[in-house]
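Structural overview for review
Below are the chains, spelled out letter by letter.
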Amino acid sequence: MKLSKKFMIVCCAFSVLALGGCGKDEKEETPKEKIKIVENSVYETPKKPTEEMKKVYNQLSKAVDGSDDAKKAELVGVNFAYQFFTLSNKTGNEDVGGLTFIPEASREEFKQYAVSYYYGNYKTVVNQRGKDSLPYVKSHKVTGVEATQLIYNDQTYDGYFVKLKLTYKSSELKEKQLKTTMTLQVIPDDNGVWRVIAAE
């Protein structure tokens, strides 16, 4: 299936996390006011969200009932990236983030690949470097949103390529060991709900 093969490529980016490292940045951060999450009726709220996750999720909640499909596709891609690639808020290798943005018919298969090729390193990183070294997406930059036709399960959809660059919180893991750039394929499902079908 197309979804699995493409996501396998993305997930392999984390397979080297147990190797190498650099000194942890010990800078003190000023405490900021906590962001309250704004729920919506379409996408599940993230579990144990970081402040950055709350911010982008709230942007999605604001856009979800609007008519700007490109913005909705962009924010679905952004939210998926934060929730999937941040492991610092996860409880273990089975606690896969971002599943609400995957088509329901593909979620279980996607989760299995994620556990095998990305989240499978959770325990290794925690045991060797500590929980503070787990990846934490702290910011992003949208480098492109392009309308295109995409094929999913032998059907053609009017969707978008959403191109992102991620920045991670400093830890013992080098950023070059993490997935920092990606192109997500985002389509509306049969109910008009935007879903991520592939990532490269």
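Everything here concerns the structure above.
As a starting point, this report considers the structure included with it. Predicted model only: the values in this text are computed from it and were never measured.

In this section: the nonpolar core. Grouped together as the largest cluster of nonpolar side chains are 43 residues, with contacts concentrated most on Tyr-43, Phe-80, Phe-84, Phe-85 and Leu-184. Only helix 2 (51-63), helix 3 (69-85), helix 4 (107-117), helix 5 (122-129), strand 2 (155-168), strand 3 (181-188) and strand 4 (194-199) provide two or more residues apiece to this core. For this core, the leading source of residues is helix 3, giving nine residues. Within the second largest apolar cluster, six residues are counted, among which are Leu-150, Tyr-152, Tyr-157 and Ile-187.

Let us now look at the sheet that holds strand 3. Working definition: the strands of a sheet are paired by backbone hydrogen bonds and lie parallel or antiparallel to each other. The antiparallel open sheet is built from four strands, whose spatial order is 1-2-3-4. Edge positions in the sheet fall to strand 1 (137-152) and strand 4, since each has one partner strand and no second. On average, each strand axis in the sheet is inclined to that of its neighbour by 30 degrees, with strand direction left out of account. The sheet contact formed by strand 3 and strand 4 spans five bridges and is antiparallel. Residue Pro-188 lies in a different strand from strand 4, and its bridge partner there is Trp-194.

In this structure, the second largest pocket encloses a volume near 290 Å³. Here the lining of the second largest pocket is built from residues that sort into four nonpolar, six polar and seven charged.

Once that is clear, we can look at the pattern of salt bridges. Enumeration according to the criterion identifies six salt bridges in this entry. Across the salt bridge formed by Glu-74 and Lys-71, the nearest N and O atoms sit 3.2 Å from each other. Note that Glu-74 and Lys-71 are positioned in helix 3 at a spacing of three residues, about one turn of the helix. In this structure Lys-71 comes out as partly exposed when scored by relative accessible area, which is 36%. Residues Glu-146 and Lys-163 are paired through a salt bridge, measuring 3.0 Å at the closest nitrogen-oxygen approach. Of this pair, Glu-146 sits in strand 1 while Lys-163 is found in strand 2, placing the two residues 17 residues apart along the sequence.

Cut-offs used in this document
- Residues numbered from 1 in each chain as written.
- Predicted model: local features only at pLDDT ≥ 70, side-chain atom pairs only at ≥ 80, totals over all residues.
- Heavy atoms only, no water.
- Core = buried A, V, L, I, M, F, W, Y, C linked by side-chain atoms within 4.5 Å.
- Buried < 20%, exposed > 50% of the residue type's maximum accessible area, 1.4 Å probe, protein only.
- Helix = DSSP H or I, 4+ residues; strand = E, 2+ residues; numbered from the N terminus.
- Pairing = 2+ DSSP bridges.
- Axes fitted to C-alpha atoms, helices over the stretch in contact; angles between N-to-C directions.
- 1 Å grid on protein atoms, 1.4 Å probe; cavity = no way out; pocket = protein on both sides within 12 Å on 5 of 7 lines; lining within 4 Å.
- Points joined across faces, edges and corners; volume = space filled by probe spheres on them.
- Nonpolar A, V, L, I, M, F, W, Y, C, P; charged D, E, K, R; others polar.
- Salt bridge = Lys/Arg side-chain N within 4 Å of Asp/Glu carboxyl O.

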